[in-house]
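Descriptive analysis of the structure
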Amino acid sequence: MTDLKICVIGLGNVGLDLAINFSKKFHTIGYDINKSLIEKIKNQKSKHLKISKNGVGLEVSCNHKLIVNCNVYIITVPSPVNKKKLPDLDNIIELTKLISKFIRIGNILIYESTFYPGLTEEIFIPIIERESKLKLNKDFYVGYSPERINIGKNKRLSNEIVKITSGSNKKASKIIDSLYKRIIKAGTYNVESIRIAEAVKILENCQRDLNIAFMNEITKFFNKLNLDTKKVIEAASTKWNFFQFYPGLVGGDCIAVDPYYLIFSAKKIKHDLPLVRLARETNEGMVDYIYKHITKAISNLKISALAFFGISYKENCKQINNSMYLRIIQKLEKNYKVDIYDHFVEKAQPESNFVRTMECANKKYDVIIIGSKHDEYKKMNFKKFLNKFGTIIDIHGISMYPKNKIL
Ligand SMILES: NC(=O)c1ccc[n+]([C@@H]2O[C@H](COP(=O)([O-])OP(=O)(O)OC[C@H]3O[C@@H](n4cnc5c(N)ncnc54)[C@H](O)[C@@H]3O)[C@@H](O)[C@H]2O)c1
């Protein structure tokens, strides 16, 4: 197994970490279509970017010619939804066609992108067989192994989380499992089919979406009763079997997207998932709910300057993809000029030039809104940025000024 050449395709949050882990044991190729990302990785001059004498190490490239002659192809590209919230598989289909041109007898193709149960077998395997003219389980093998990383403060690297593994037959499943065992410190959990592995990931994320939706629903009700949901949750958490979920603004490309894959897959067989649908509606509806509360709180104020602190979709991380805070800001911007601050985002993404640095916060605001629950905000003196009669709205009530808390 040591002479395997592994190709990881898509070097984003999931793929880069995975490629680095594989490169410690195998000759690994990291391929991504994003040229500037490849340059950035190369410029970091990581110690992994060297092929050692025994052939182990990482090469990264945006040239797909480099991916020929690999034995294992691992796909970690996004699995998004389109505007109608339907799975948008065009990119992965094209990529699968591309890899199908290169695969040879004995090769293994593993998908890590989030799918609904059945997707690999129904869509991708037929494409590979058609394009490569090779036969599954005779000439080549397929596997599915969902990525379960968590970003932000409770960040877990991919090798610290038990890896679910599966394959197109017993032989493939065993090889794929032993492959991941070489790099995953936490170990693996081999399941008997690709469909089970696909269902695991989507179950995990839908369960989370549903639990947060329930807390959002309860919070809206408790707000009407003038009850502080957080205090209720803290007290309820003293019971051993109470699950501690908090209300929140579900963004990003996983929990806010994956349930739509499940809804789509159910619709295909004319099955309804009302709870999953409603959870999505509830969580999506939080943008309007928060916006209404903000506008009500500031309606009587004379506002010439408004600042929004914290826009990453989740606390203590740099990602702003599908951030609900940005959607709230878009609405506010129809009536107000909004200055946006987020030290995580500003540091991480120079292209997000609409985000200001904290040092630039040298002006005073009539309204300050605190969005993402970044740890720094818990102790930050927001009042130094506030006009004498200004107001602070702390969406999650995490700061020292939780007066206008909404959730
Ligand atoms: N981000 C997470 O925390 C997380 C956790 C678990 C699972 N996932 C799943 O993993 C998958 C990848 O997520 P991510 O967060 O790493 O995405 P990402 O957007 O961070 O990275 C994806 C990378 O793939 C590249 N790419 C896109 N199309 C390509 C192509 N045709 N050929 C080569 N490269 C291509 C992009 O340039 C990008 O660098 C998704 O299905 C996601 O749902 C993500």
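Since the structure is predicted, the reported quantities are computational estimates derived from the model, not experimental observations.

Some thoughts on the sheet that holds strand 10 (residues 338–341)
Read from one edge to the other, the open sheet built from five strands follows the order 11-10-9-12-13, with strand pairing classed as parallel. Looking along the sheet, the strands with just one partner apiece sit at the ends: strand 11 (355–356) and strand 13 (386–394). As paired strands, strand 10 and strand 11 are joined by two bridges and run parallel to one another. By the bridge assignment, Tyr 341 is partnered in strand 11 with Arg 356. Taken strand by strand, helix 10 (residues 286–298) contacts strand 12 (365–370) and strand 13, and its axis lies near 160° from that of strand 13.

So, the nonpolar core
Counting 104 residues, the largest nonpolar core has Cys 7 and Ile 74 as the members making the most contacts within it. Considering each element in turn, this core owes the most residues, nine residues, to helix 6 (residues 194–224). A domain-level breakdown of this core finds at least three residues from each of domain 1 (202–284) and domain 2 (286–404). Here Cys 7 is in contact with Ile 29, Tyr 31, Ile 67, Cys 70, Val 72, Tyr 73 and Ile 74, once residues within four sequence places are set aside.

Focus on the environment of Ile 6
In this structure, Ile 6 sits in strand 1 (residues 5–9). Take Ile 6: there are 24 C-beta atoms within 10 Å of it, and that puts it in the buried class. In this structure the C-alpha to C-alpha distance between Ile 6 and Ile 29, which are 23 residues apart in sequence, comes to 6.1 Å. In this view, Ile 6 contacts Phe 22, Phe 26, Thr 28, Cys 70, Val 72 and Ile 74; residues no more than four positions away in its chain are not counted.

Section: the sheet that holds strand 1
Judged by pairing direction, the sheet is parallel, and its six strands sit side by side in the order 3-2-1-4-5-6 without closing on themselves. Looking along the sheet, the strands with just one partner apiece sit at the ends: strand 3 (57–61) and strand 6 (141–144). Taking the axes of each pair of neighbouring strands and ignoring which way they run, one obtains an average angle of 20° across the sheet. Here strand 1 runs beside strand 2 (residues 27–31); their pairing, made up of five bridges, is parallel. Bridge pairing in strand 2 links Val 8 to Gly 30. Packed on one face of the sheet, helix 1 (residues 15–23) meets strand 1, strand 2, strand 3 and strand 4 (72–75) and runs near 165° to strand 2.

So, the domain arrangement of the protein
Domain boundaries assigned for the protein yield domain 1 (202–284) and domain 2 (286–404). Relative to domain 2, the C-alpha centre of domain 1 lies at a distance of 24 Å. Across the contact, ten residues belong to domain 1 and twelve residues belong to domain 2. Of all the secondary-structure elements, those providing two or more residues to the side of domain 1 that touches domain 2 are helix 6 and helix 9 (274–284). Class assignment of the residues belonging to the side of domain 1 that touches domain 2 gives a composition of two nonpolar, four polar and four charged.

Conventions used here
Residues numbered from 1 in each chain as written. Predicted model: local features only at pLDDT ≥ 70, side-chain atom pairs only at ≥ 80, totals over all residues. Pairing = 2+ DSSP bridges. Helix = DSSP H or I, 4+ residues; strand = E, 2+ residues; numbered from the N terminus. Contact = placed C-beta atoms within 7 Å. Axes fitted to C-alpha atoms, helices over the stretch in contact; angles between N-to-C directions. Core = buried A, V, L, I, M, F, W, Y, C linked by C-beta atoms within 7 Å. Buried ≥ 20, exposed ≤ 12 C-beta atoms within 10 Å, placed from the backbone. Domains from an automatic or database assignment. Nonpolar A, V, L, I, M, F, W, Y, C, P; charged D, E, K, R; others polar.

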